[in-house]
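Summary of structural features
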Amino acid sequence: MANVGPSSDFKIRLLQISLRLLQQGLLDNQIYLNASVADCTTNSGQQVGAYVNGGNPIINLCPVWFNRPDVQSWAIIHEATHVYLGTVDLSYVWQDSYSELNSFQPFLNADSYSALIDCLCPEY
């Protein structure tokens, strides 16, 4: 059976480029605080720690973010990938569907980058 997914070399190169873009984006210092609690609540009433608005290069940090040091770096990386890599939320690591992502979907999924950085740099 022929390999129909991206090659390992392609995946490695794509990951290198993605991480370089993410690094450069974070060095641009485009992190601004958001003080509006209304903007930090989903339609279902759940409080979020951080978010971005489509097309806007600002990462909004919400009050919940300041009370959760255990996930602060995770959230920054997650949101930064939306801004600088154009990722989407296909699945979050805590969802069953996360393990069902195909071989290319993690490159499009914001939480996949946070998980990777967490594995590579667990002290952050």
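A brief report on the enclosed structure follows. (Residues numbered from 1 in each chain as written. Predicted model: local features only at pLDDT ≥ 70, side-chain atom pairs only at ≥ 80, totals over all residues. Heavy atoms only, no water.)

Things to note about the packing of aromatic side chains
Scanning the model with the defined rule gives 3 aromatic pairs in all. Seen in terms of ring centroids, tryptophan 65 and phenylalanine 66 are 4.9 Å apart; in terms of plane orientation they differ by 90°. Their pairing is edge-to-face. Given the relative accessible area of 14%, tryptophan 65 is considered buried. Here tyrosine 92 and tryptophan 94 contribute two aromatic rings whose centre-to-centre distance is 5.6 Å and whose plane-to-plane angle is 10°, an arrangement assigned as stacked. What makes tyrosine 92 partly exposed here is its relative accessible area of 26%. (Phe/Tyr/Trp six-rings, centres within 6.5 Å; stacked < 30°, edge-to-face > 60°. Buried < 20%, exposed > 50% of the residue type's maximum accessible area, 1.4 Å probe, protein only.)

Looking at the nonpolar core
Counting residues in hydrophobic clusters, the biggest one holds 12 residues: Leu22, Ala50, Ile59, Leu61, Trp65, Ala75, Ile76, Ile77, Ala80, Tyr84, Phe107 and Tyr113. Broken down by secondary-structure element, the contributors of at least two residues to this core are strand E3 (59-61) and helix H3 (72-85). By residue number, the principal contributor to this core is H3, which donates 5 residues. Not counting chain neighbours up to four residues away, the residues in contact with leucine 22 comprise Ile77, Ala80, Thr81 and Leu85. (Core = buried A, V, L, I, M, F, W, Y, C linked by side-chain atoms within 4.5 Å. Helix = DSSP H or I, 4+ residues; strand = E, 2+ residues; numbered from the N terminus. Contact = heavy atoms within 4.5 Å.)

Brief notes about the environment of proline 63
With respect to the helices and strands, the residue proline 63 is situated in helix H2 (residues 63-66). You can call proline 63 partly exposed: its relative accessible area is 34%. For the pair proline 63 and glycine 49, spaced 14 residues apart in sequence, the C-alpha separation works out to 6.8 Å.

Observations regarding the state of the cysteines
By definition, a disulfide links the sulfur atoms of two cysteine residues through a covalent bond. Tallied over the entire structure, the rule returns 1 disulfide. Bridging cysteine 40 to cysteine 62, the disulfide has an S-S length of 2.1 Å. Its torsion about the S-S bond being -85°, the disulfide of cysteine 40 and cysteine 62 is classed as left-handed. Of this pair, cysteine 40 sits in the loop between strand E1 (31-33) and strand E2 (50-51) while cysteine 62 sits in the loop between E3 and H2; the two residues are 22 residues apart in sequence, bridging distant segments of the chain. Neither residue differs from the other here; cysteine 40 and cysteine 62 are each classed as buried. (Disulfide = S-S within 2.5 Å.)

Concerning the pattern of salt bridges
Across all of its chains, the model carries 1 salt bridge by this definition. Across the pair arginine 68 and aspartate 70 runs a salt bridge whose closest N-O atoms are separated by 2.8 Å. The exposure class of arginine 68 is partly exposed, given its relative accessible area of 37%. Note on aspartate 70: relative accessible area 55%, which makes it exposed. (Salt bridge = Lys/Arg side-chain N within 4 Å of Asp/Glu carboxyl O.)

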